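Structure assessment
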Amino acid sequence: MGARVSSPVVVGRAEYLAALVAAQARTRAGEPSAVLIGGEAGVGKSRLVGEFRARAAGAGVRVLAGACLDLGVEGLPFAPFAAVLRDLVRDLGADGVAGLLPGQASREFARLLPEFGVADWATDAGLARARLFEQVLTLLERLADERPVVLIIEDAHWADRSTLDLLAFLVNSQQVLDRVLIIVTYRSDELHRAHPLRPLLAELGRLGWVERVELPRLARLHADELVARILGREPELSLADEVYRRAEGNPLFVEELLRDGGGPASVLPDSLRDLLLATVRRLPEETQEALRAASAAGPGVAHPLLAAVTGLDDDPLARALRPAVAANVLTAATDGYAFRHALIREAIYDDLLPGERIRLHTRFAEALGADPGLAAPGQAAAEQAHHWYHAHDTTCALISAWHAAADARRVLASAEQLTLLARVLELWDQVPDAAQRIGASHLAVLEQAAEAAEAAEENERGIAYAAVALREVDARTEPERAARLLQTRGHLGCHLGRDDGYADLRAALELVPAERASAARAQVLLTLAGHLPDPHGQEARAATEEALALAQRAADPTTRVTALCKLATIEPAPGDDTYALELLALARTAAEQAGEYRSLLDVAVTESHVLEGIGRHEEAARVAQAAIARARDHGIPRATGAILAANIAEPLISLGRWDEATEVLEHALALSPPPESRGALQMLAGIVPLRRGDLDRAARLAAAARSSLNRDPSISHDRGMMALQFQLPLARLETEVRLAEGRQTDAVAVAAAAADRFDLASHPRYSWPLLTTAARACAGASQPIAAAQGWALADQARELLGRLRTLAGKMHASGPVERASQLTFTAETERDEGLGLTGPTAGRAALANWDGAAAAWGSLSQPYPLAIALLRAAEAALTAGDRDGATLRLRRAAGLADTIGARPLRDEISALAHNARIALTARNGDNRRRDSSDHGHRGLTAREFEVLRLVAAGQSNPEIAAKLFISTKTASVHVSNILAKLGVTSRGEAAATAYRQRLFDPAPEA
Ligand SMILES: Nc1ncnc2c1ncn2[C@@H]1O[C@H](COP(=O)(O)OP(=O)(O)OP(=O)(O)O)[C@@H](O)[C@H]1O
Ligand SMILES: [Mg+2]
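Since the structure is predicted, the reported quantities are computational estimates derived from the model, not experimental observations. (Residues numbered from 1 in each chain as written. Chains lettered and ligands numbered in written order. Predicted model: local features only at pLDDT ≥ 70, side-chain atom pairs only at ≥ 80, totals over all residues. Heavy atoms only, no water.)

All right, on to the overall build of the chain then. Within the chain, the regular secondary structure consists of 48 helices and eight strands. A total of 1006 residues make up the chain; the buried ones form 55% of that total. The contacts in the chain between residues at least 6 apart in sequence include a share of 69% that link residues at least 24 apart. Working note: accessible area of the chain is about 42,300 Å², and carbon and sulfur atoms make up 53% of it. (Helix = DSSP H or I, 4+ residues; strand = E, 2+ residues; numbered from the N terminus. Buried < 20%, exposed > 50% of the residue type's maximum accessible area, 1.4 Å probe, protein only. Contact = heavy atoms within 4.5 Å. Areas by Shrake-Rupley, 256 points an atom, 1.4 Å probe, with all protein chains shown as cover.)

Okay, here's the thing in structure tokens:
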């Protein structure tokens, strides 16, 4: 057995560390403070506290730490305090410690450490204890006089009675104990009902200064990061999935599963098994017996089903399981039980003898067969299939897998459907009359498997199934059937970037010629249109339009909806987005009329995508959100669910609602989406930390996204709308991360590689943002600091810039978002143009450019690019000699950056303000007032100015609140202040005054 390796850094606990730091700050400010940290074994309590401890020690805090030992109830009294004292003696010497206390007081410590002489055993025990407690308190006080103290008591679930009493005494005395933070950790999973720590936690929890924290398992995103940190590389997706499925975010379990740095051991490491089974083995035999049965059911089991299998009546079963619940092995739910952790179940199950396993599975299968109502609704077939398979009954396993596959298909669970069909095919030869038993031919099963693989994005498997099926079908007698199989194989082949994919699709079209117009032809056409090199070109449009006409004639609503959606995404004429939305409205109605949930989801995906593309961010998020909510009951394919989540997060990021976006993304990633959509989610998830200044995390997510998207080196990711819609934003993220890391050369190289590799001109929506970032990288590279990196960089940057310009000249910018990017690109590329021009003239040209970009982003409510544009505009204003103009823009930029928490950008803003000696907050009586004749700002703050702008645009307080990401109440306070400052009484008057006095003139939107 190999060694366990830990992550060199602490993952995913920033928020908890911050809470500890804040608690410490409170004690320094003279407030009492204690933090009680609970959590299951291995979840990371000690690691968290250790990290905090290291930081505190680094900041000059004295750390005192001791742990309780697992010695049973009769443990060593005061063990953790003895440890604390021992460390202190090592540090200060016994005399040094004694010197902190009055007279002979330190003799009380003899009860804990022999170094302090002989305790006075003659005294009354109760009194002696009281004196000891007092002296510990005094000692802490004295130590805290020197420097702040953190007292850490670990593993309080093992604490002896005396330790608990002393701890309670200290926490209760904290009001007189300045500058001492007390931290206690304990395993919450060990707190059975009668545990002595329970009442103490409750009692301490009532004190105002005591904070109770339950440390949760790591969220998926962080669990993946942990795997990457432990391995020192990005894990393959299958590995990350497997580890998460089993460890469920418990860091200790993750480490154990990754022993030896390789794939997770399929059997549990012994050490982990022992840890997990230790509690189980202490339970009564009848409890263990019931647990063994439950372990064969899966992660959870309903009470009646378990009763049927164990043959126990309700009461005896409940009685048998009660100790398992008390010991936190099981958790009780309304209708059944679940194992507290999947690995506990796995450990118990692994421990079963082979014969026992078969016997249990057979009983489960039979019980479910006799009464399907024992399973969760819709699950009976799937569960039965599972149990027959593991009971090694081939015939029953094949039949039940076939029925379960049909159920899975009904709820659109393609991955499960595929697994079940694969099982049917696997068992086929062992069951002589398989076709009769399930009423379907081998070919029919293959066809379904190919389709399911396609839906589940299992490309290679889909191709393999379709290929076998094509050998079994006769194209002359059943041309449509053959065409469909060719379509599936062709689609998957194209998806993998293989040229024979096209050949398949063209062959399919020949089998269903235009003369015999059919729904099958329509579908092949749509597939073809989706894979043409130019997805917006004439051929794509023609194919889509023909498909639409065919679907209409064949009254095939599903295909019609797909065609309408496809047509809506074929880049509309510049500025024409109403057309796309009209098509989508038609598609929606068609899908609704046909009651096609899957089609409705497709419409929602497309609609939110289109809305986001034209800058209607709020609506985009809402449409995707509504689709998820609505579809939940109907079962939602994982891939579509993940794409919808991405379509919620993307607009939220645009709107600067980054916390919400992060939440959506983390949630979606936790559901293990298929690779492509996972890559998209990781890429989006990388944007927020990048802009908030957590570069490490941003870089990691970018790397994770790359490994998800390019998981298969045999796949070409260079073409096709689907591929580029992820690849281009990823290239942008990677460029931006390198820029932020100060790796200019790399940033330029990444951008240049993307420009080489992709046909950017045909994907303006994703190319414009990449172009602006690339231009920014180039602009930076020719700035003075670049000299240090040599002229080569400047040359490369110039060369790339030239190419980008040519490209931009050829590219459409349709709709307000692309136009805003285009304006930014222009402003960015003309930044260094001013070589010919100098000083104020160059400044004024740049100012106009950046003001234009700012106005564009402002009207889209995109605070982040708006703040950047304002910052650059302020720079330009300074060059042009317009200090007031610069001040105004900088303040607005600072306000925006603050609101969204864009720290690095905010630092840049502050740096410029500092260099230019501009105050970022308007103070009373500051010189703005005096030159109000110039611009007439009437002492409005940047924020108020923003609010006034919206008031003047006729917006209500709730609307203003939504736009500016503040509460309605805050908005109304701003409005009252503005009215007061302008000396007016109504919003209308305020607007009029603002226009009359040309308050908006110097601002970008003028
Ligand atoms: N946030 C984290 N980032 C990286 N590694 C972690 C993290 N949390 C825990 N670990 C690792 O997981 C293992 C278990 O963590 P730890 O010992 O802190 O758990 P614990 O909650 O204190 O468990 P116990 O209840 O057994 O004391 C350790 O090797 C630790 O380094
Ligand atoms: Mg610990």
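Moving on, we get to the sheet that holds strand β3 (residues 149–154). An order of β2-β3-β4-β1-β5 is seen for the five strands of this open sheet, with the pairing classed as parallel. Every interior strand has two partners, whereas the edge strands, β2 (62–67) and β5 (210–214), have only one. Shown here is a sheet whose adjacent strand axes are inclined to one another by a mean of 15 degrees, direction ignored. Bridging between strand β1 (residues 33–39) and strand β4 (residues 180–187) involves seven bridges; their strand directions are parallel. Its bridge partner being in β4, valine 35 is matched across the sheet by isoleucine 183. Docked against the sheet, helix α2 (residues 45–58) engages β1, β2, β3 and β4, running at close to 160 degrees with respect to β4. Each of β1, β3, β4 and β5 is contacted by helix α5 (residues 161–172), which is oriented at about 140 degrees to β4, the strand it contacts most. (Pairing = 2+ DSSP bridges. Axes fitted to C-alpha atoms, helices over the stretch in contact; angles between N-to-C directions.)

To continue, consider empty space enclosed by the protein. On inspection of all chains with the given rule, the structure shows eight cavities of 30 Å³ or more. When its volume is computed, the largest cavity comes out at roughly 820 Å³. If you go around the largest cavity, you meet 37 residues; those closest to its centre are Glu612, Glu650, Ser654, Arg732 and Pro769. Listing elements by their share of the lining of the largest cavity, those giving two or more residues are α28 (597–613), α30 (638–654), α32 (675–692), α34 (721–740), α36 (764–781), α38 (815–829) and α40 (863–879). In terms of residue count, α36 provides more of the lining of the largest cavity than any other element does, seven residues in total. Here the residues of the lining of the largest cavity sort into 19 nonpolar, ten polar and eight charged. (1 Å grid on protein atoms, 1.4 Å probe; cavity = no way out; pocket = protein on both sides within 12 Å on 5 of 7 lines; lining within 4 Å. Points joined across faces, edges and corners; volume = space filled by probe spheres on them. Nonpolar A, V, L, I, M, F, W, Y, C, P; charged D, E, K, R; others polar.)

As a further point, take the nonpolar core. With 156 residues, the main nonpolar core has Leu890 and Ile909 as its most contacted residues. Here the element with the most residues in this core is α40; it accounts for eleven residues. Beyond its immediate stretch of four places on either side in the chain, isoleucine 909 contacts Leu871, Leu890, Ala893, Ala894, Ala897 and Leu920. With 53 residues, the next largest nonpolar core counts Leu283, Ala294, Ala347 and Ala367 among its residues. (Core = buried A, V, L, I, M, F, W, Y, C linked by side-chain atoms within 4.5 Å.)

Not every one of the 21 residues close to ligand 1 is listed here, only the nearest: Lys45, Ser46, Arg47, Arg187 and Glu255. Separating an oxygen atom of ligand 1 from a side-chain N or O atom of serine 6 is a distance of 3.5 Å. Note that an oxygen atom of ligand 1 is positioned 2.7 Å from one of the side-chain N or O atoms of serine 46. Protein contact buries 88% of the 620 Å² of open area that ligand 1 shows by itself. For the shell around ligand 1, the class distribution of residues is eight nonpolar, five polar and eight charged. (Near = heavy atom within 4 Å. Polar contact = N/O pair within 3.5 Å; in protein donor to acceptor, adjacent residues only side chain to side chain.)

Of note, glutamate 154 is situated in strand β3. Among buried Asp, Glu, Lys and Arg side chains, glutamate 154 stands out as unpaired, with arginine 53 the closest opposite charge at 6.4 Å. In terms of polar contacts, glutamate 154 uses its side chain to reach the side chain of serine 46, at 3.0 Å. Polar contacts involving the side chain of glutamate 154 include one to the side chain of threonine 185, which spans 2.7 Å. Setting aside residues no more than four positions away along its own chain, glutamate 154 makes contact with Ser46, Gly66, Ala67, Cys68 and Thr185. (Lys, Arg positive; Asp, Glu negative; His and termini not counted. Salt bridge = Lys/Arg side-chain N within 4 Å of Asp/Glu carboxyl O.)

Strand residues, when the strand is regular, have side chains that alternate between the two faces of the sheet. With three bridges joining them, strand β6 (residues 300–302) and strand β8 (residues 336–339) adopt antiparallel strand pairing. Of the residues in β8, the one forming a bridge with alanine 302 is glycine 336. Sheet analysis places strand β7 (residues 330–332) next to β8, joined by three bridges and oriented antiparallel. Bridging from a neighbouring strand, alanine 332 pairs with tyrosine 337 of β8. Joining the antiparallel neighbours β7 and β8 is a turn of three residues.

If you walk across this open sheet you meet the three strands as β6-β8-β7, and the pairing is antiparallel. In the strand order of this sheet, the two ends are held by β6 and β7, each with one partner. Averaged over all neighbouring strand pairs, the angle between strand axes comes to 20 degrees, with direction disregarded. Its contacts with the sheet put helix α12 (residues 303–310) on β6 and β8, and the angle it makes with β6 is roughly 85 degrees.

Quick look at helix α6 (residues 197–205) now. Buried residues of α6: Leu197, Leu200, Leu201 and Leu204, and no others. Viewed end-on, α6 has its buried residues packed into an arc of 100 degrees, placing them on one side of the element. Each element contacted by the buried residues of α6 is listed here: β1, α5, β4 and β5. (Arc of directions from axis to C-beta.)

As a further point, take the packing of aromatic side chains. Tallied over the entire structure, the rule returns five aromatic pairs. Ring geometry for phenylalanine 78 and phenylalanine 133: centres 6.2 Å apart, planes at 85 degrees, overall edge-to-face. With a gap of 55 residues between them, phenylalanine 78 in the loop between β2 and α3 (79–99) and phenylalanine 133 in helix α4 (residues 125–146) connect regions that are remote in the sequence. Like phenylalanine 78, the residue phenylalanine 133 is buried in the burial classification. An aromatic cluster is present here, built from Phe78, Phe133 and Phe169 joined pairwise through their rings. Over the aromatic face of tyrosine 349 sits the side chain of arginine 345, whose NZ or CZ is 5.4 Å from the ring centroid. Across from the ring centre of tyrosine 349, 5.0 Å away, lies the NZ or CZ of arginine 357, which sits over that ring. (Phe/Tyr/Trp six-rings, centres within 6.5 Å; stacked < 30°, edge-to-face > 60°. Lys NZ or Arg CZ within 6 Å of the ring centre and 35° of its normal.)

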